[in-house]
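Structural description and commentary
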Amino acid sequence: MSDEANNTQVAPGVTEDGSERHLLSARKVTVKYDGIKEALHGTTLDFDAGVVTALIGPSGCGKSTFLRCLNLMNREIPKCVVGGDILYHGRNINTKDENLFELRKSIGMVFQQPTPFRKSIRENILFAPKRHGRIGSREEGDELVETSLKQAALWDEVKDKLDQSGFGLSGGQQQRLCIARTLAMKPDVILFDEPCSALDPISTFAVEETIRAIADSGICVAIVTHNMEQATRVSDRTAFFYMGDMVETGTTKQIFSAPKDQRLADYLSGRFG
Ligand code: ADP
Ligand code: MG
């Protein structure tokens, strides 16, 4: 590459307008369902590697809607229109040319209800990597199954029954299986939408530990939660949503100890929810 061409390049970690570059950034993102009602009014929020960001706010305020924008999941909903930019590694992915099959390899998602496939534990993990042609041999598959299950803190509980159905596991184990399945694709972002709301306290604790370890391994994590204790336990940053607006964001410590917006203060003191 010539020097001249080099000079036109944006420095690593910096966007074209000179601002700091994040792994994932939403810029003035709007969402309309059915072309009429705007559910999200222009949200700007950044996400970084190794950081857990919690999305909190009352039911119906747009947390899931926003989370689904980040891996273009709203495209599965007929007539749902998403505006604004979603920058992933500095590149806007909110374009009609974006290849969803490729994108979802790198931005994984875990839902409220555990959704294992009707397959063995092993095949739950290997399904997507096989579809993407990533498994060359039985040994490679075995290794990926083991490392993914270990990362999701499930290996010890299932290592002797990898060929049994994922449905035979408890709810909390199923959710960790879904996390392991997501990890098997080696994403650099994982989106969690209320991943513990169907789980008992012990399973919740196991999943929270797993989420923290995932972020500590360098993965960027966003988690929707209505559980304030959970947000304080697992997240580094918190963003508060209210009626389709992202009203306040900051470190989790600041948001919970010194909220600035009155609506956030009211929400935290349990006045609505
Ligand atoms: P939260 O996750 O914070 O509870 P949602 O993102 O699910 O909120 O919902 C935000 C708003 O968008 C609500 O008014 C909800 O009724 C509406 N909404 C969510 N999903 C759909 C959908 N598939 N079709 C139409 N409206 C929707
Ligand atoms: Mg929701």
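Given the structure is predicted, the values throughout are model-derived calculations rather than measurements.

What follows concerns helix H7 (residues 171-183). Along an α-helix, residues three or four positions apart point the same way, because every turn accommodates 3.6 residues. An ideal rise of 1.5 Å per residue puts 18 Å on 13 residues; H7 measures up with 18 Å between its terminal C-alpha atoms. Where burial is concerned, most of H7 is hidden: 12 out of the 13 residues are buried. For H7, the set of buried residues is Gly172, Gln173, Gln174, Gln175, Arg176, Leu177, Cys178, Ile179, Ala180, Arg181, Thr182 and Leu183. Of the surrounding secondary structure, the elements contacted by the buried residues of H7 are strand S6 (107-110), helix H4 (121-131), helix H5 (138-151), helix H6 (155-158), strand S7 (189-193) and helix H8 (201-216).

The strand order across the open sheet built from six strands is S6-S7-S8-S3-S9-S10, with neighbouring strands paired in mixed fashion. Each edge of the sheet is formed by a strand with only one pairing partner; in this case those strands are S6 and strand S10 (245-251). Sheet twist, expressed as the average angle between the axes of neighbouring strands with direction ignored, equals 15°. When S7 meets strand S8 (residues 220-224), the two strands line up parallel, connected through five bridges. Following the sheet pairing, Val189 is matched in S8 by Cys220.

This part is about the site of ligand 1. Close contacts around ligand 1 come from 13 residues, with Lys37, Gly60, Lys63, Ser64 and Thr65 the closest. Contact between ligand 1 and Lys63: an oxygen atom at 2.8 Å from a side-chain N or O atom of the residue. Compared with its free state, where it exposes 560 Å², ligand 1 has 64% of that area covered by protein. If you list the elements that add at least two residues to the shell around ligand 1, you get strand S2 (37-47) and helix H2 (63-69). Examining the composition of the shell around ligand 1, we find that four residues originate from one element, H2, more than from any other. Across the shell around ligand 1, the residue classes break down as five nonpolar, five polar and three charged.

The next thing to look at is the layout of surface pockets. Quantified by volume, the largest pocket comes out at close to 550 Å³. In terms of lining, the largest pocket is formed by 22 residues, of which the most central are Arg104, Phe117, Ala128, Arg181 and Met185. For the lining of the largest pocket, the secondary structure elements donating two or more residues are helix H3 (100-106), S6, H4 and H7. By residue class, the composition of the lining of the largest pocket is 13 nonpolar, five polar and four charged.

Calculation criteria
Here the residue index of a chain counts from 1 through its sequence in written order. The naming scheme follows written order: chains are lettered A onward, ligands numbered 1 onward. Totals for whole chains, interfaces and linings use all residues, but because this is a predicted model, local features are given only for residues with pLDDT of at least 70 and pairs of side-chain atoms are given and counted only at 80 or more. The side-chain quantities take in all heavy atoms of the structure and omit both hydrogens and water. In DSSP terms, a helix is any run of H or I states spanning at least four residues, a strand is any run of E spanning at least two, and both are numbered starting from the N terminus. A helix is expected to reach a length of 1.5 Å times the quantity of its residues less one. Think of it in three bands: residues with accessible area under 20% of the maximum for their type are buried, residues over 50% are exposed, and the middle band is partly exposed, with areas taken using a 1.4 Å probe on protein chains only. We call two residues in contact when some of their heavy atoms are within 4.5 Å. Any two strands between which DSSP finds at least two bridges are classified as paired. Think of each axis as a best-fit line through the C-alpha atoms, taken over the contacting stretch in the case of a helix, with angles from 0 to 180 degrees between the N-to-C directions. The rule for a residue being near a molecule or strand is that one of its heavy atoms must lie within 4 Å of it. Whenever two N or O atoms come within 3.5 Å, that pair is a polar contact, provided that in protein one can donate a hydrogen and the other can accept it, and provided that, for residues adjacent in sequence, both atoms are side-chain atoms. Exposure was quantified through the Shrake-Rupley algorithm and a 1.4 Å probe, taking into account, for residues, occlusion by the shown protein chains and nothing else. Amino acid classes used here: Ala, Val, Leu, Ile, Met, Phe, Trp, Tyr, Cys and Pro are nonpolar; Asp, Glu, Lys and Arg are charged; the rest, including Gly, are polar. Throughout, the protein atoms alone are placed on a 1 Å grid, and a set of points is a cavity if a 1.4 Å probe fits but cannot get out or a pocket if it is open with protein on both sides within 12 Å along at least five of seven lines; lining residues have an atom within 4 Å of a point. Grid points are joined across faces, edges and corners, and a volume is the space filled by probe spheres set on the points.

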